[in-house]
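Overview (structure and organization)
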Amino acid sequence: EAVAAEWMLEFACSCLCRHFAEQSGVEFWRWRDVAQALVNGLSQIPPHQKKTVYLCQLLIRIAQGKSLGLHFENDQRISPLESALSFWTLLEREEIKLEKLHEDIRRLIQIQIVAVHMENRYFKEAAEVLERLFTDSDSDKPLRVKLATVIKTKDPYVPLLQSFSYSLLISKIKSYIELFMKENETNFLIQEATKHVASKGLGASALQKRPVEVNENDKSDLETKRRFCTFLSVVNGKMQNCFLDVDSSLFWTYINCLLGLNNTQNVGKNGVSFVAECSRRRQRWTHKEDLELKLGVREFGVGNWAKILVHGNFNNRTSVMLKDRWRTLSKMK
């Protein structure tokens, strides 16, 4: 299961990167949920997957960087972009090259953290965040001085902020994604899916380079014209390969089942037995787990389900399960 989860996380990160680069909002948010659930399910991050996890968290925060009302950290002062900066710092530590790109992205994130506050007329908060971003020992003193001057003007449209815009930040992140994707072309699920699609008569390059056009009127040819992905699942003690259309409701039912996101009892006449099997395995909450959840909320606060999950003693739970159970407990109380 751990190995299969690693393959799924790599694949989810790959999809997240692609949809971020293509600015395909709906697909990005869908894969965000899958990637986040997989990350939350890790008891600890395997060393070889640190970059994958950090990049997923970075993209999720960059995509919502202008939403100051959204919080990823316990400290409510920390904006999504500030949280993104911490993951960018972790990514930098995992690499010894790309120094120029690293510096450019770091500078852009820092500038946009201030810019987003100013765009929302939060000038006091912009000054406070500047103190958190740059310490006295920081080597980038010129940038700190420039940003302090910009904040005093209370003008979010000064040349500095316009020159280092949010769109430029997105562009630089896309450049980084492109390099990351090239380094991770050996994704196991992509390789297996490519073999399968090739065996069906569709060129492997077409699968990776462009969406496959599907003629809805030609049902007989549907299988050869769809994109496929491979998932390794454990069903009743047997290993089997499952090829599922990534655009079908069944695919997402299976994903949700694997991650414990819902309790699917009926998958329709086209459903498969292993989905029903997953749903039957859903376990009732024990008194001990409820106590662990309450202790976690007391220590880390409501909403920090990932941290509560990692530090608590739960039986095959996900952060979404913790959130739903807390809602139930709150109603009972």
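Notes on the structure in this doc start here.

Calculation rules
Residues numbered from 1 in each chain as written. Predicted model: local features only at pLDDT ≥ 70, side-chain atom pairs only at ≥ 80, totals over all residues. Heavy atoms only, no water. Helix = DSSP H or I, 4+ residues; strand = E, 2+ residues; numbered from the N terminus. Buried < 20%, exposed > 50% of the residue type's maximum accessible area, 1.4 Å probe, protein only. Contact = heavy atoms within 4.5 Å. Areas by Shrake-Rupley, 256 points an atom, 1.4 Å probe, with all protein chains shown as cover. Phe/Tyr/Trp six-rings, centres within 6.5 Å; stacked < 30°, edge-to-face > 60°. Lys NZ or Arg CZ within 6 Å of the ring centre and 35° of its normal. Expected span 1.5 Å × (residues − 1). Arc of directions from axis to C-beta. Salt bridge = Lys/Arg side-chain N within 4 Å of Asp/Glu carboxyl O.

**Description of the overall build of the chain**
- The number of helices and strands found in the chain is 17 helices and two strands.
- Classification of the 333 residues of the chain by burial places 43% in the buried group.
- Residue pairs at least 24 apart in sequence account for 57% of intrachain contacts in the chain once pairs closer than 6 positions are excluded.
- Summed over all atoms, the accessible surface of the chain reaches about 18400 Å², with 50% contributed by carbon and sulfur.

**Comments concerning unusual backbone geometry**
- Even without being glycine, Gln23 reaches a positive phi, approximately 55°.
- Examined against the element boundaries, Gln23 turns out to sit in the loop between α1 (2–21) and α2 (25–40).
- At Lys154, a residue that is not glycine, the phi angle is positive and equals roughly 55°.
- Position of Lys154 among the secondary structure elements: in the loop between α7 (141–153) and α8 (159–163).

**Things to note about the packing of aromatic side chains**
- Tallied over the full model, the rule gives seven aromatic pairs.
- An angle of 55° between the planes, with centres 5.8 Å apart, marks the rings of Phe20 and Phe28 as tilted.
- The class of Phe28 is buried, set by a relative accessible area of 3%.
- Ring centres 5.0 Å apart and planes at 75° place the aromatic pair Phe28 and Trp29 in the edge-to-face group.
- Since its relative accessible area comes to 29%, Trp29 is described here as partly exposed.
- Taking the ring centre of Trp285 as reference, the NZ or CZ of Arg317 above it sits at 4.3 Å.

**Quick notes on helix α10 (residues 188–199)**
- Between the first and last C-alpha of α10 there are 17 Å, a value that for twelve residues agrees with the 16 Å anticipated at 1.5 Å per step.
- Among all positions of α10, only Leu189, Ala193, Thr194, His196 and Val197 are buried. End-on, the buried residues of α10 take up no more than an arc of 165°, which puts them together on one face. Structural note: α10 exposes Lys195 and Ser199 on the side pointing more than 90 degrees away from its buried face.
- Immediately beyond the C-terminal end of α10, within one or two residues, lies Gly201, with a positive phi of roughly 100°.

**Examining the pattern of salt bridges**
- Within this structure, the stated rule accounts for 17 salt bridges.
- The partner of Arg30 in a salt bridge is Glu27, and the shortest N-O contact between them spans 2.9 Å. Residue Arg30 and its partner Glu27 are both found in helix α2; the two are separated by three residues, about one turn of the helix.
- Ionic pairing is found between Arg32 and Asp33, a salt bridge with its closest N-O pair at 3.0 Å.

**A word on the environment of Phe134**
- Relative to the elements of secondary structure, Phe134 occurs in the loop between α6 (123–133) and α7.
- Separated by eleven residues in sequence, Phe134 and Val145 place their C-alpha atoms 10.0 Å apart.
- Leave out the neighbours within four places in its chain, and Phe134 touches Gln110, Asp140, Leu143, Arg144 and Leu147.

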